[in-house]
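Chain by chain, the residues:
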Amino acid sequence: MISQLRPALMLLLLLTLVTGVAYPLLVTGIAQAVFPSQAQGSLIVKDGKIVGSRLIGQPFDNPKYFWSRPSATSPFADNAGSSTGSNLSPTNPDLVKAVQGRVDALRAADPTNKAPVPVDLVTASGSGLDPHISPAAAFYQAPRVAMARKLSPEVVRALVERHIEGRSLGFLGEPRVNVLALNLALDSAAR
C-alpha cells in the first residue's frame, strides 16, 4: 500500500505545482506582457482615479447621462460578484410588469420622445453586467441628455456616432456603444 501511495502523492504534488502554480503564473505573465490593459481588467482611469471597467456595466439614473441596460443581478444592480440574468420567461407576469415599469420610467424622463423604446433599455442581458447599449438605445436617449445638459441635440448625436463600436472582427455581434465611455466623453464635452 505504501509503495502505491508514495508515487500517487508525488504525482499529486507535481501536478499541483504545474497546473496550480506554474501554468497560472505563465499565462498571467504572457497576458501582462501582450495585453496589459485587458489583463488589468480594462480599467478606465480619469484624473488618476479608476472610474470603472470597459467590461462591466454601471448604473446611471441621472437624466444628464445615458442610461445602461437594466441589470438582474442581486442584491443590487450591476453587482459584478453576482452575474446573472432574471431567468424569467417572456410571458412571465413579473417580467412583463418590470418591462412596462421601465418603459413608463423612460417615457416619464422624456415625455416628448414618442419613438419606440429600444428593447435593450427595458430588458437585462444574460449576465446582467452588459456595459453596452445598442446605437438605437443611445440615439433614443440623446434628446433627454441634450435637454438635461443644455446642449444641442446635434452635438449629443455626433458624440454618440463617434462612440459606436463596430462588430468584433468585422462580423461578430452587433454595433454597440459603451455607456461609461460615452458618459465620460459627455462630461469632457460639457467642460
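This is a predicted model, so every value here is computed, not measured.

(A) Up close: the overall build of the protein. Scanning the protein for helices and strands turns up six helices and five strands. When the elements of the protein are put in sequence order from the N terminus, they spell out α-α-β-β-α-β-α-α-β-β-α. What you see for the protein is a C-alpha radius of gyration of 22 Å, clearly larger than the 16 Å of a compact globule of 191 residues, by over 25%. Principal axes of the C-alpha set define a box for the protein whose edges measure 80 × 45 × 35 Å. The proportion of buried residues among the 191 residues of the protein is 31%. Partitioning the contacts of the protein with sequence separation of at least 6, the portion at a separation of at least 24 is 57%. Summing over all exposed atoms, the protein offers an accessible surface of approximately 11,800 Å²; the carbon and sulfur share of this is 65%. Charged side chains of the protein number 18 positive and 13 negative; the gap between the two group centres comes to 4 Å.

(B) Main features of the sheet that holds strand β4 (residues 164–165). Taking strand neighbours across the sheet as the criterion, the three strands line up as β3-β5-β4 in an open arrangement whose pairing is antiparallel. Edge positions in the sheet fall to β3 (132–133) and β4, since each of these pairs with one other strand and no more. Relative to strand β5 (residues 176–178), β4 is paired through two bridges, and the arrangement is antiparallel. Bridge pairing links I164 to V177 in β5.

(C) Representation of the pairing of strand β1 (residues 43–46) within the structure. In this structure, β1 lies alongside strand β2 (residues 49–53), joined through four bridges in antiparallel fashion. From the neighbouring strand, I44 faces β2, where its bridge partner is G52. Here β1 folds back onto β2 in antiparallel fashion, the turn holding two residues, of which D47 has a positive phi close to 55 degrees.

(D) Structural detail: empty space enclosed by the protein. All chains considered together, the criterion is met by one cavity of 30 Å³ or more. Its volume calculated, the largest cavity comes out at about 30 Å³. Residue lining of the largest cavity: L106, D110, N113, Y140, Q141 and R144, and that is the complete set. Among the elements that line the lining of the largest cavity, the one with the most residues is helix α4 (residues 135–149), at three residues.

(E) Structural detail: the layout of surface pockets. For the largest pocket, the calculated volume is near 160 Å³. Lining of the largest pocket is provided by A72, G85, S86, L88, D94, L95, A98, R102, T123, A124 and S125. Each residue belonging to the lining of the largest pocket can be placed in one class, and the counts come to five nonpolar, four polar and two charged.

The rules we used
Residues numbered from 1 in each chain as written. Predicted model: local features only at pLDDT ≥ 70, side-chain atom pairs only at ≥ 80, totals over all residues. Heavy atoms only, no water. Helix = DSSP H or I, 4+ residues; strand = E, 2+ residues; numbered from the N terminus. Rg over C-alpha atoms; globule rule 2.2 N^0.38 Å. Buried < 20%, exposed > 50% of the residue type's maximum accessible area, 1.4 Å probe, protein only. Contact = heavy atoms within 4.5 Å. Areas by Shrake-Rupley, 256 points an atom, 1.4 Å probe, with all protein chains shown as cover. Lys, Arg positive; Asp, Glu negative; His and termini not counted. Charge placed at Lys NZ, Arg CZ, Asp CG, Glu CD. Pairing = 2+ DSSP bridges. 1 Å grid on protein atoms, 1.4 Å probe; cavity = no way out; pocket = protein on both sides within 12 Å on 5 of 7 lines; lining within 4 Å. Points joined across faces, edges and corners; volume = space filled by probe spheres on them. Nonpolar A, V, L, I, M, F, W, Y, C, P; charged D, E, K, R; others polar.

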